[in-house]
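What follows is each chain in one-letter form.
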2 protein chains.
Amino acid sequence: MITVLHVTETPTLFDWAGGSAAFERLINAFYDRVEGDELLTPLFPGGVSDEHRTHVTAWWSEVFGGPAEYSSELGGYHRMVNKHVDLGITPEQRYRFASLMSLAADDAGLPDDPEFRAAFVGYVEWGTRIALANSQPGADIVQQAPVPRWGWGVAPPYQPSN
Amino acid sequence: MITVLHVTETPTLFDWAGGSAAFERLINAFYDRVEGDELLTPLFPGGVSDEHRTHVTAWWSEVFGGPAEYSSELGGYHRMVNKHVDLGITPEQRYRFASLMSLAADDAGLPDDPEFRAAFVGYVEWGTRIALANSQPGADIVQQAPVPRWGWGVAPPYQPSN
């Protein structure tokens, strides 16, 4: 007789979303929307380069629990935070940014279960509000910190036990 | 010599937001926006009554850690879930609902720190996606459940220790 012990582990948000390919689709879908948005294009003069898209994909992958490439290869938190200095992001731009990210998740076919999307928009809200604060002229910016690792928070993924 | 032990406790989202008065402002600001929104007014024929606003305020207060009045006085989860049966909420209506809630939080002067707002939009996303699913004709609806209690999740409130 063989006994199979079924252990349900909580996947990372990165794995639940579909890994690297999913985040690549997400970030490309997002910047495609940004390039057509009159409020946000001033923050990306000349459009959003392939290099920028690749770097941001690495950031998001790491934040959601994927490979730590942004930390090991791309300069980590210090590099990212200095991208926002003195941009003077407005509350309207932040709101638009967060709103488009939610639509881009649909464009990219990310999972749309309530639990994943709650965690997803939670990070978007948190990160965009920190970026807004850091982008104000004269802001007191934390220069060194680990790249954040977001998680499921209040609502873990719904996984029927079977 | 007197030693003061400073214990920093994590407040509920309800208390952090400002208690009952804050949720009353939030829900009124939200429904004021709904009443002027062409996508959402079909879900509220004749406008949003004072009674509806009061009941929804009680729901939100309880979800965010305030008094459990919706459970004890207003019928609890079973009552709420049956408000959505067969409404056939569309993804566009859900997205608009969630988007307006974020603006209503600004209207109502709720705290705008990244941690509070991350938890706030996380619940909005989670709750609206469950409501969307439950509102579809033929949906398999869970009829009895506790009123959810949302929490800070990944990012607890930033409280400088002093």
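These figures come from a predicted structure and were not determined experimentally.

## Digging into the overall build of chain A
No. 1: Each helix and strand counted, chain A has seven helices and zero strands in total.
No. 2: In sequence order, the secondary structure elements of chain A are arranged as α-α-α-α-α-α-α.
No. 3: Overall, chain A is about 70 × 35 × 30 Å in size when its C-alpha atoms are taken along their principal axes.
No. 4: Every one of the 162 residues in chain A was classed for burial, and the buried ones make up 48%.

## A look at the interface of chain B and chain A
No. 1: With 26 residues of chain B at the interface, the matching set in chain A holds 26 residues.
No. 2: Summed over both sides, the interface between chain B and chain A buries roughly 1800 Å², with carbon and sulfur atoms accounting for 68% of that surface.
No. 3: The largest contributions to the chain B side of the interface with chain A come from B:Tyr95, B:Arg129 and B:Val154, which together make up 32% of the buried area.
No. 4: Taken together, the connections running from chain B to chain A amount to six residue pairs in polar contact (both at pLDDT 80 or more).
No. 5: Where the side of chain B that touches chain A is concerned, the elements lending two or more residues are helix 6 (91-107) and helix 7 (114-134) of chain B.
No. 6: For the side of chain B that touches chain A, the leading source of residues is helix 7 of chain B, giving ten residues.
No. 7: The residue inventory of the side of chain B that touches chain A, partitioned by class, reads twelve nonpolar, five polar and nine charged.

## Comments concerning the nonpolar core
No. 1: Core analysis: the largest hydrophobic core is formed by 92 residues, its most contacted members being A:Leu26, A:Trp60, A:Phe120, B:Leu26, B:Trp60 and B:Phe120.
No. 2: Beyond its immediate chain neighbours, meaning those up to four positions away, B:Phe120 contacts B:Leu26, B:Trp60, B:Phe64, B:Met101, B:Ser102, B:Ala105 and B:Leu110.

## Here we look at the UniProt feature "binding site: heme" (unreviewed entry) in chain A
No. 1: When the UniProt feature table is mapped onto this chain numbering, "binding site: heme" (unreviewed entry) sits at A:His55.
No. 2: When near neighbours in sequence (up to four residues on either side) are disregarded, A:His55 contacts A:Tyr70, A:Leu74 and A:Arg79.

## A word on the relation of the copies chain B and chain A
These two copies of the chain differ by a rotation about an axis and a displacement along the same axis.
No. 1: Take chain B, turn it by 180 degrees, move it 0.0 Å along the axis, and it overlays chain A with an RMSD of 0.0 Å. In the structure described here, the two chain copies are related by an operation that fits a two-fold rotation axis. Relative to the rotation axis, the closest C-alpha in chain B is found at B:Gly153, a distance of 1.9 Å.
No. 2: The fraction of interface residues of chain B whose copies in chain A are also interface residues reaches 100%, indicating that both copies meet through the same surface.

Scoring rules and cut-offs
Residues numbered from 1 in each chain as written. Chains lettered and ligands numbered in written order. Predicted model: local features only at pLDDT ≥ 70, side-chain atom pairs only at ≥ 80, totals over all residues. Heavy atoms only, no water. Helix = DSSP H or I, 4+ residues; strand = E, 2+ residues; numbered from the N terminus. Buried < 20%, exposed > 50% of the residue type's maximum accessible area, 1.4 Å probe, protein only. Contact = heavy atoms within 4.5 Å. Buried area = accessible area lost by both parts, 1.4 Å probe. Polar contact = N/O pair within 3.5 Å; in protein donor to acceptor, adjacent residues only side chain to side chain. Nonpolar A, V, L, I, M, F, W, Y, C, P; charged D, E, K, R; others polar. Core = buried A, V, L, I, M, F, W, Y, C linked by side-chain atoms within 4.5 Å. UniProt positions renumbered as here; feature names shortened; annotations may be inferred. Least-squares fit on C-alpha atoms with pLDDT ≥ 70 in both.

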